[in-house]
Amino acid sequence: MDIKKKYKRRVELASGRDRVELLLKNCRIVNVFSHSIVRGDVAIDSGKIIGIGDYEAVKVVDMEEQFIAPGLIDSHEHMESCLVTPEQLARVIVPKGTTTIIADPHEIANVCGLKGIKFMMDATSDIPLNVFFMLPSCVPATEFETSGAKLDAEDLKTLMGESIVLGLGELMDYPGVIAGKEDIIDKILLADRKIIDGHSPLISGKELNAYAINGVKTDHECTNLKEMEEKLSLGMYIAIREGSAARDLEKLIPGVNKHTERRCTFCTDDKHPGDILEEGHIDHNVRKAINLGVDPISAIKMATVNTAECYKLRDIGAIAPGYDADIIVLDNLEDFNIRQVYKKGILVAEEGQVKFEVEKPELSAVSNTVTIGDISEKDLEIHLDTDIAKVIRVNTSSLLTEMVVRKVSIDGERRFISNKHIDILKIAVIERHGKTGNIGLGLIENFRFKGGALACTIAHDSHNLIVIGDSDADMVLAIEKIKEMDGGIAIASEGEIVEFLALPVAGLMSGEDMETVAEKISKITKYLHNKMGRNSLKDPLMTLSFLALPVIPDIKITDRGLFDVNEFSFTDINVE
């Protein structure tokens, strides 16, 4: 049917001159425009909402006064952090009410470049979940690390015209944005008239003005109300994040009021499979906001129409004529229990169970991505000038870290040695893309870990191999297991591999279903909590994976060494 005939057909249906395919009768409709509950019937045809009212239909479903609301939208998500391929993610989050996500595939792009982005696009092309893409702006995230690929404006230009591409992903190199670096300006120009996502933790004043001046429209890194209020006052949308390691919702919800709510959205950013299965996805954000006192309709708007309007998605986010029939059905708004999910008018989930099949994508383009040479215990030695050193202190409730100075144990050759009475461990980031062989070494405090080593190939954002431990021998053993699996997570203790998870898809994702992956992650986490010291981190794996990201203050480590994020330069482990 050509476009004119299709439009004319919609007019015929909306005016009631012909029967629609489906009528949902006796609904209590959440109207995100009028901020009200409207009783009525919803007419649907060819995946579109035709109208609200009394219509004739081929099929009628009595909703029995249940509430219906628009399908939920995640305003910023890295699908790779769910550790499963996209079709497995859809199988889990669609029954939880998420019908659209705004994805930034910069994790896989940092490993596989354009091939990785195209893999994600292909893998999401035939699933009952809208996936729109923001093209990664920082591959690599900074010039201070070694990634598997480098994407400049010319590379991104090849994909910017795709209909599922909404703009430029989070600008993590905020010092480069503020300094007006030419390569970043080239990418910003490429996204002219599209959306640009921000990433500007703790930036304020004139620096924030400089960061936002060329069109940065969103930010998901707010961690306090003052920061949130300033960015809202500059016209930015604030994506309130509730992920696994970063949980900002409770702190930021007090900043949501009748004046600001339309500029706030919900996102997960990075959320592990166990948390998705146990808590939920965006439905968890909505439920938690309601429990914290937010009006249910306001919370639903933050999860739907606000994101749609921010990203200029005119066909989703509301229940009104012309919108896609992406609908969730709830028995009440306070508990926010999702009974059914419709995707373009088709029932795709009911009582938490999927009603669709998924197929495994072709993985060859994103396999065999771990290339590491021989690593010995000698390669992991840290030589110090004295027994006073700079140490990364982990924050148990945030991705922010602190640079501290500590007295440490050294041997006769002034090499760092672990001391069971001192909570300081060795950490290493090993380049795994077969380019440099770099090994960055440092020390870490407050991870509360003893009796072995933990290694993984999830190390944001360049995703080199990161390993932590109090035994060099176990660190080497864990590294070897990672190489054998072509990526993943491994724990070594007393000369044995005690727990592991293979992640052979770019070293970031498993080919198994989310339930299986979650079970393995749970076993790994329990082992860390129960067998390897007094670890108090809710998600030690997620915390470890962010210790290599040199754009979140105060101090991080890359394959090139210890990095002072505030100064945006490398720093010596020795104290002058």
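Nothing here was measured: the structure is a model prediction, and the numbers come from that model.

**Some remarks on the environment of Arg-560**
Tracing the chain through its elements places Arg-560 in the loop between strand 26 (555-558) and strand 27 (561-564). For Arg-560, a relative accessible area of 43% gives the class partly exposed. Arg-560 sits 124 residues away from Thr-436 along the chain, and the two C-alpha atoms are 9.8 Å apart. In this structure, Arg-560 is in contact with Glu-143, Phe-144, Glu-145, Thr-146, Asn-438 and Phe-570, ignoring residues within four places of it in sequence. Within polar-contact distance, the side chain of Arg-560 engages the backbone oxygen of Glu-143 at 2.5 Å.

**Things to note about helix 12 (residues 282-291)**
Of all ten residues in helix 12, seven are buried; the element is thus mostly enclosed. Among the residues making up helix 12, those that are buried are Ile-282, Asp-283, His-284, Asn-285, Val-286, Ala-289 and Ile-290. The positive-phi residue at the C-terminal boundary of helix 12 is Gly-293, with phi of around 105 degrees.

**Re the sheet that holds strand 23 (residues 465-469)**
Taken in spatial order, the eight strands make up an open sheet running 19-18-21-20-23-22-24-25, and their pairing is mixed. What marks the edges here is a single partner per strand, and that holds for strand 19 (401-407) and strand 25 (496-502). Taken over all neighbouring pairs, the strand axes of this sheet differ in orientation by 25 degrees on average, direction set aside. Where strand 18 (residues 388-394) lies against strand 21 (residues 439-445), two bridges are found, and the strand directions are parallel. Along strand 21, the bridge assignment pairs Arg-393 with Glu-445. Seen against the sheet, helix 15 (residues 472-485) touches strand 20 (424-430), strand 22 (453-456), strand 23, strand 24 (488-493) and strand 25 and runs at an angle of roughly 150 degrees to strand 24.

**Regarding the sheet that holds strand 28 (residues 569-570)**
Strands sit in the order 26-27-28 across an open sheet of three strands; the sheet is antiparallel. Lying at the two open borders of the sheet, with one neighbouring strand each, are strand 26 and strand 28. Bridge analysis of strand 26 against strand 27 gives four bridges, and the strand direction is antiparallel. Bridging across to strand 27, Ile-557 finds its partner in Leu-562.

**Regarding the domain arrangement of the chain**
Domains assigned within the chain are domain 1 (70-318) and domain 2 (377-570). A C-alpha centroid distance of 27 Å is found between domain 1 and domain 2. Summed over both sides, the interface between domain 1 and domain 2 buries roughly 3700 Å², with carbon and sulfur atoms accounting for 66% of that surface. Inspection of the region where domain 1 meets domain 2 yields one salt bridge.

**Quick word on the UniProt feature "domain: Amidohydrolase-related" (unreviewed entry) in the chain**
When the UniProt feature table is mapped onto this chain numbering, "domain: Amidohydrolase-related" (unreviewed entry) sits at residues 67-346. Helix makes up 35% of residues 67-346 and strand 20%. Its end C-alpha atoms lie 17 Å apart.

**Here's the deal with the environment of Asn-368**
Of note, Asn-368 is situated in the loop between strand 17 (353-354) and strand 18. Counting along the chain gives 115 residues from Asn-368 to Ile-253, while the straight-line C-alpha distance between them is 43 Å. For Asn-368, the residues in contact, after removing those within four places along its chain, are Asp-486 and Pro-504.

**What to know about the pattern of salt bridges**
Inspection of the entire model under this criterion finds 36 salt bridges. Measuring nitrogen to oxygen at the nearest pair gives 3.6 Å for the salt bridge that ties Lys-48 to Asp-315. Taken together, the residues span a long stretch of sequence, with Lys-48 in strand 3 (residues 48-52) and Asp-315 in the loop between helix 14 (305-310) and strand 14 (327-330) at a distance of 267 residues. Its salt-bridge partner being Lys-483, residue Glu-480 comes within 3.2 Å of it at the nearest N-O pair.

**A look at a nonpolar patch on the surface**
A surface patch of nonpolar side chains, about 200 Å² in accessible area, is lined by Ile-388, Val-405 and Val-575. In this structure, Ile-388 sits in strand 18.

**Quick notes on a negative patch on the surface**
Side chains of Glu-143, Asp-152, Glu-154, Glu-182, Asp-183 and Asp-186 sit close together on the surface and give a patch of like negative charge. Looking at which element gives the most residues to the negative patch, the answer is helix 7 (residues 182-190), with three residues. Note that Asp-152 resides in the loop between strand 8 (130-135) and helix 5 (153-160). We classify Asp-152 as partly exposed; its relative accessible area is 38%.

**Considerations on the layout of surface pockets**
Its volume calculated, the largest pocket comes out at about 350 Å³. Broken down by class, the residue content of the lining of the largest pocket amounts to nine nonpolar, three polar and six charged.

**What to know about empty space enclosed by the protein**
In this structure the tally under the stated criterion is nine cavities of 30 Å³ or more. Each pocket or cavity is described by its volume, and for the largest cavity that value is around 120 Å³. As for the largest cavity, its lining consists of 15 residues, of which Thr-223, Arg-241, Ser-398, Leu-399 and Leu-400 are closest to the centre. Its residues assigned to classes, the lining of the largest cavity comprises six nonpolar, three polar and six charged. Of the residues that make up the lining of the largest cavity, three or more belong to each of domain 1 (70-318) and domain 2 (377-570). In this model, the second largest cavity occupies a volume close to 80 Å³. Contributing to the lining of the second largest cavity are 17 residues, with Glu-170, Asp-269, Asp-270, Phe-546 and Leu-549 lying nearest its centre. Across the lining of the second largest cavity, the residue classes break down as five nonpolar, five polar and seven charged.

**Details of the state of the cysteines**
One pass over the structure, following the stated rule, counts zero disulfides. Cysteine Cys-264 is unpaired, with the sulfur of Cys-222 as its nearest cysteine sulfur at 9.1 Å. The class of Cys-264 is buried, set by a relative accessible area of 0%. Of the cysteine sulfurs around Cys-267, a residue in no disulfide, the closest is that of Cys-222, at 11 Å.

Conventions used here
Residues numbered from 1 in each chain as written. Predicted model: local features only at pLDDT ≥ 70, side-chain atom pairs only at ≥ 80, totals over all residues. Heavy atoms only, no water. Helix = DSSP H or I, 4+ residues; strand = E, 2+ residues; numbered from the N terminus. Buried < 20%, exposed > 50% of the residue type's maximum accessible area, 1.4 Å probe, protein only. Contact = heavy atoms within 4.5 Å. Polar contact = N/O pair within 3.5 Å; in protein donor to acceptor, adjacent residues only side chain to side chain. Pairing = 2+ DSSP bridges. Axes fitted to C-alpha atoms, helices over the stretch in contact; angles between N-to-C directions. Domains from an automatic or database assignment. Buried area = accessible area lost by both parts, 1.4 Å probe. Salt bridge = Lys/Arg side-chain N within 4 Å of Asp/Glu carboxyl O. UniProt positions renumbered as here; feature names shortened; annotations may be inferred. Patch = residues over 30% accessible without salt bridge, like charges linked within 9 Å, V, L, I, M, F, W, Y side chains within 5 Å. Areas by Shrake-Rupley, 256 points an atom, 1.4 Å probe, with all protein chains shown as cover. Lys, Arg positive; Asp, Glu negative; His and termini not counted. Charge placed at Lys NZ, Arg CZ, Asp CG, Glu CD. 1 Å grid on protein atoms, 1.4 Å probe; cavity = no way out; pocket = protein on both sides within 12 Å on 5 of 7 lines; lining within 4 Å. Points joined across faces, edges and corners; volume = space filled by probe spheres on them. Nonpolar A, V, L, I, M, F, W, Y, C, P; charged D, E, K, R; others polar. Disulfide = S-S within 2.5 Å.

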